[in-house]
Amino acid sequence: MFPSRFEYVAPRSLEEALSTLAGRGDEAKVLAGGQSLIPLLKLRFASPALIVDLNRVPGLSYLEESDGHLRIGALARNRDVVASQTLEAGYPTIAAAAPLVSDPIVRNLGTVAGSLAHADPAGDWGSVMLALGAEVTVRSASGDRTIPVADFLVDTFTTSLEPTEVITEIRVPKPEGSSGGTYLKLERKVGDFATVAVAVQLALDDGRIGRAGIALTAVGPKNIQAIDAERSLAGAEPTPESFQEAARLAADAASPISDVRGSADYKRAVVRTFVQRGLDRALELARAS
Amino acid sequence: MSETFADIPMIDARERVTGAIPMTIDQAMPGMAHVKVVRSPVPHGLIRSIETSEAARMPGVRAVLTGASLAELGVDPYYGGLRNDQPVLAIDKVRHEGEAVALVVADTEAQAEEAAGWIDVDFEELPFVTDAREAMTPEAPPIHDEWPDNDCGTWRLRHGDIETGWALADRVYEAEYTSPPASHVPMEPHVALARFEGDVLEVWTAAQAPYMVHTALKKTFGLPDERLRIKTFNLGGGYGAKGGVKIEPLVACAALAAGCPVRLVLTRPEVFNTLGKHAAHIALRTGVKTDGTIVARRVRAVFNAGAYAVSSPLGAGQAMTRASGPYRIPHVWIDSTARYTNTVPTGPFRGAMTSQLCWAYEQQMDDIAHDLGIDPIEIRRRNLLSDGDEFITGEKMHDVHFDELLDDVTEAIWSRGPADPAPAGRARGRGVAVMIKSTLTPSRSEARLRLDDDGMLTAFCATVEMGQGAGTTLMQMTAAYTGVPIERITIPLPDTFQAPFDTTTASSRATFSMGAAIKDAARKLKDELAGLAEEHLTTTAGELRFEGGTVFRAAAPERAVSYADLLREAELPALEVEGVFQSEGGMATLDPETGQGQASVHWHEGAVAVEIEVDLQTGKIEVLNCHGACYAGRVISPTRVRQQNEGNIIFGLGQALFEELVYDSGQLVNPNLSDYMIPSILDIPKRLTSSAVESLEPDPDVHGVGEMTIPCIAPAIGNALFAATGVRIHDLPMTPERVLRALRAREEAS
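Residues numbered from 1 in each chain as written. Chains lettered and ligands numbered in written order. Predicted model: local features only at pLDDT ≥ 70, side-chain atom pairs only at ≥ 80, totals over all residues. Heavy atoms only, no water.

Let's shift gears to the packing of aromatic side chains. Residues and elements named next belong to chain B. This structure, assessed with the given rule, holds 10 aromatic pairs over all chains. Between Phe349 and Phe651, the ring centres sit 5.6 Å apart and the planes meet at 55°, which makes this aromatic pair tilted. Taken as a pair, Phe349 in the loop between strand 17 (331-340) and helix 11 (355-372) and Phe651 in helix 17 (residues 638-657) lie far apart in primary sequence, 302 residues in all. For the pair shown, Phe349 and Phe651 are each scored as buried. The structure contains a cluster of three or more aromatic residues connected by ring pairs, namely Tyr239, Phe349 and Phe651. In this structure, Arg448 packs its charged tip against the face of Phe460, placed 4.3 Å from the ring centre. (Phe/Tyr/Trp six-rings, centres within 6.5 Å; stacked < 30°, edge-to-face > 60°. Helix = DSSP H or I, 4+ residues; strand = E, 2+ residues; numbered from the N terminus. Buried < 20%, exposed > 50% of the residue type's maximum accessible area, 1.4 Å probe, protein only. Lys NZ or Arg CZ within 6 Å of the ring centre and 35° of its normal.)

All names here are of chain B. Under the criterion given, the structure shown has 0 disulfides over all chains. In this structure Cys626 is not part of a disulfide, and its nearest cysteine sulfur, from Cys712, lies 9.8 Å away. Note on Cys626: relative accessible area 1%, which makes it buried. (Disulfide = S-S within 2.5 Å.)

For helix 17 of chain B, spanning 20 residues, the distance from its first C-alpha to its last is 29 Å, which sits close to the expected 28 Å at 1.5 Å a residue. Buried residues dominate helix 17 of chain B, accounting for 14 of its 20 residues. (Expected span 1.5 Å × (residues − 1).)

In this section: the domain arrangement of chain B. Residues and elements named next belong to chain B. Once the domains are mapped, chain B shows domain 1 (18-126 + 187-237 + 241-272), domain 2 (280-440 + 588-749) and domain 3 (443-582). For domain 1 versus domain 2, the distance between C-alpha centres works out to 36 Å. Facing 19 residues of domain 1, the contacting portion of domain 2 comprises 25 residues. Roughly 1800 Å² of surface becomes buried between domain 1 and domain 2 when both sides are summed, with 60% attributable to carbon and sulfur atoms. Summed over the shared surface of domain 1 and domain 2, the number is 0 salt bridges. Applying the counting criterion to the domain 1 and domain 2 interface returns 9 residue pairs in polar contact (both at pLDDT 80 or more). Within the residue set of the side of domain 1 that touches domain 2, elements represented by two or more residues are strand 5 (86-87) and helix 9 (268-272). (Domains from an automatic or database assignment. Contact = heavy atoms within 4.5 Å. Buried area = accessible area lost by both parts, 1.4 Å probe. Salt bridge = Lys/Arg side-chain N within 4 Å of Asp/Glu carboxyl O. Polar contact = N/O pair within 3.5 Å; in protein donor to acceptor, adjacent residues only side chain to side chain.)

With that settled, consider the interface of chain A and chain B. Contacts between the two partners involve 23 residues from chain A, matched on the other side by 26 residues from chain B. Summed over the three residues of chain A that lose the most area to chain B, namely Arg188, Lys189 and Tyr266 of chain A, the buried surface amounts to 33% of that side. Between chain A and chain B we count 3 salt bridges in total. Linking chain A with chain B are 14 residue pairs in polar contact (both at pLDDT 80 or more). By residue number, the principal contributor to the side of chain A that touches chain B is helix 12 (residues 264-288) of chain A, which donates 7 residues. Considering only residue class, the side of chain A that touches chain B consists of 11 nonpolar, 4 polar and 8 charged. (Nonpolar A, V, L, I, M, F, W, Y, C, P; charged D, E, K, R; others polar.)

Laid out in C-alpha cells, this is it:
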C-alpha cells in the first residue's frame, strides 16, 4: 500500500524542529529510525499530514556515561548500543537486550528513543528501561522536562509525550554497588517480536536484595512493571524461595492475550520461568561484580 | 562414455547479489497501465451485485472488469490445468477469502488502488468449511456443484493383502499426524505484464512453467501458437508458488479490456491468498514382527485442496505412492484424497505431498523402534528398500541408495560419540529421517541448440532460473555434451517464440529432464559435425573426440578442426538441432483400483539427521547440528547440490518449527511477514552440512536434488525431541508451546 500524502521537513537544528512542532505538532509525526513509523504509514495505520525528520539534527547520536547516568541520545541507534564495549560491565541488562532487538537491518536504523516513543507493548526497550528505573528527557519550544519511564509509557502506542515535544535523551541511573541484570526473550525466530520477554535488574545490599527491577514485554497493553514482584524482593534474602515467589507475582502481573505467538496461559508460564531465570542470572552477576 | 562436468559458480552470482539480473518485477512495457484486484472479504458467498460505476469515473481509470463482464470480452473465463474450475474473476460466487472478484486498470498503481476501493460488492454469505475432513461430511457445504462431497481427487492403492498382513504382524501401531497449511513466501511476489502487439498476445511473467501459461492462455483467448508469446525472466524464488498458471489469465484479460499494456504485482497479502501448501491429516496403522520387520501398513491421507483444484487431483495420487515411505512392505492399503474447502487453493510446495507423509511414517518408525527395543537406525536398515525390491506400486526398484544415505547422515551426526551433556534445564537428542518421492511422470523437455559459424553456441530451453542455478548447471552440461567451451555458450531467458516445449521447472526435474534433452540434441549436433569433418579426419584410428570446440580422432589430435571452421567451409551460417526427453508411465497409467503400475520414471531419495537441544521450561527447540544427504546419481555441480540440500533444510525448518497459516471464521489471520515468518540466515543450525551420494555405474541417471532433504527435517527433529525427552509431537509445527504442553502432560501422567 501507499502511504497517504504527507508533507516532509528535515530541520537542521533541534530549535527548528521544536518551532515546527510548536505550530503543527497535532498533525505531525517525528521520524528518527523509522522502523515502526514507516510500516505504520505504509499500512495507513497512521496518516500524519507532516513528517518531521530528526536525522539531520546534529548532536543527538551519543551514548555516554556522565553524572552517574548512562545517557542515550535521541538518535542513538540500536546498532550503536550493540557495538558499545562499555555497557557489559555496568549495564548488563542493556547489553543483553540490544542484540535481541529485531534483526541487524532494523538495528542499523532503529533508535532506542524511537522504540520508547512508539510504545509498542512488544517493544524491548520499554521493559529494560522500566527495570532500570530510567527517565526520559523531553523538550519543547517552552523547555525541558524529565519523565520517569513508568510515567512515560501510558498505554498501547500511547505515551505522555506532548505533540509539541521530542525526546532528547534517555537517562539510565548507573546501578550501584553489587548489581546485575539481564534480558531474556522468547521469539519464534530471529527478528520476530517477543512472544514473551523479561527484563530483570537486581542490586545487593550487604547480602540482601536492595533495589529489584522486573518488567515484562508483550504480555499486556504496555510494558509491565511487575511492582508486587519487585516489592517482594526488596530487603529479602536472595534465596530460591524468594525468587520463586517473585516469579509467581510477576506472572500474576502479566495480562497476555492468545495470538499466533502463543496462548495466554503459555505466555504467563514463560514469564514465570524467565523471571526466575533472570533473577538467578542477575544474582550471579551481582555476586561477581 | 561418461562426461566430465567442470563445476563453476553461478555465472551471474555477482549480478544477483548486486540486483542487476533481469527480473519480471523490474520490467516495463511502453505505455503500460496498472492493475489492482478487488478481493472477497468472505470465505464463501454468492455475489448479489457489484457496483463499479464510481470506480470507473475515478481519475486515470481505463477499465473495470468483473466476472460477469468477462463474457463480453469473448474469453473463456475458466482455467485450471487438471480441472477447469477456477474463474479469472469470481463468477456468481466466491469460494475463499481473498478470491479475485473485480479488477481496475488505471494509469498509475496509486490510481488503480484508489479506484479499487470504490468498487462495492454485495455478498450473500454461505456456510463455509475450512477443514478437509469436515468437508467430506454430508453436512459440509458444497463448494463446487459438480463435485459431490467436495472431492478433489481420490486415489487408492492395494498391494498384497492387508488382512494377511495384519495376521502376520506381532504388533500393530496406530497414530495420527497433521500438518497445517503453509505458504511458500518467495521473496519476489507474483508479477505479470501483458499486451496485445499486433495480433500477438505477449505475456511476461514470473512463472515456473512458461508452457503451462502458454497452454492456459491459448484456451482463454482461443489463440494459435504463433499468436501467443510467453517470456519469463529470473524468478525471485518459486518453490511451487509460481507453478502452473496463476495471475496470467487475469492480467491478459485486463490488457484486452484496457486496450493497452498492463502490469500487475501482487502485494504480500495477495501472495498469501494465491497458493499455499496442502494441510494434511495422516492416519497410519502399521503391523510389524517383533524383529522390527514391517509386514503391513494402512495409510489414510486427507489433503486440503483449498477452493480450487490446481494440482490436487493429481497430487493426492502422488501422495499415495509416497505414503508408506522408502520401505519394503508386502501388504499395503492406502486411501488418499484431496477435498475442496473455503481456503486458499493449495498446490505444489517444495517437497510437495511428501513432507506431510514423511512427518507421519518417520515418527511412527521411531515409536515402533522404541517399543520393540530396537535402535532407530537399525530398524530402518532392516526395512529400507534395496535394488530389485518390489515397491508398493508393484514396480521393481532400481538405483536405490537408501542404505548409503542412512549411513551418511547418521555417521555425520552420531560419529562424534554421545551427545555433550545439555546445560541445566535443557535436554539434547538426535534423530534421523529418510524419504522417498516420485518425480513428475510423464513429462517432456525439448531443447534446441544453435551453433553459429563463429563457434558460439546458444541453447534454447524453457527451463526457468529461480535461484536454484539451473541456468549454470545446464550450461555445464551443454559444454560437456557438445564439447563447446562454457564461455562460448549462451542460454537465453525462456521465450516461447524461441525455446521449444518444456513441461515445467518443478518436481526436481530440470537437471534430469532438460539435461537429457540437451544431451540428445548434442548427440545430433556432434553427428552433423562428424559428417562435416570427414575429410579432415584422414585417419579412422581412435575414437572421435569433441573437445575445446574442435573435433578430432584420439589418435591424431594434431588434426583437430574447429566447429567454426567446419561451418564456414560448408558455408553454413549456423547448425541447428533439437533434442527431446520424454518419460512415460506415471499416475494416469496406474490401475485405478489397485494403484499398481509404473508411478515414476525414477525415485528421489533423501535423508536428514539432526541433533537438537530443547529448553525444558519453555519448550523451545534449537537445532545444533544438522546433516542432509540426497542421492544425485551423478553430481553436475557439487556446490549447487550442497546449496540445494542445505537450502531445503533451512526452508523446511520454518514449517517444522513455526510456520502455519491460521484461519479464524474462514479468514486468514496472518497473511503478512510480521505474523507469518520464515527462517532467515540467523535461524540456521549452528552446524549445517550435507552430502550427495553418487552412483558407481558408468553412466547413471542424473537425479534432481531440489527437494530431497526437506521432507526429512521435521520428522528428524521430532525424533530427536523424542530421544531427548520422551515426548512425541503429532501436529506441526513443533512450537515451543506444543512442546511444553507435551512435557507438562507427561509430567502429570507420571
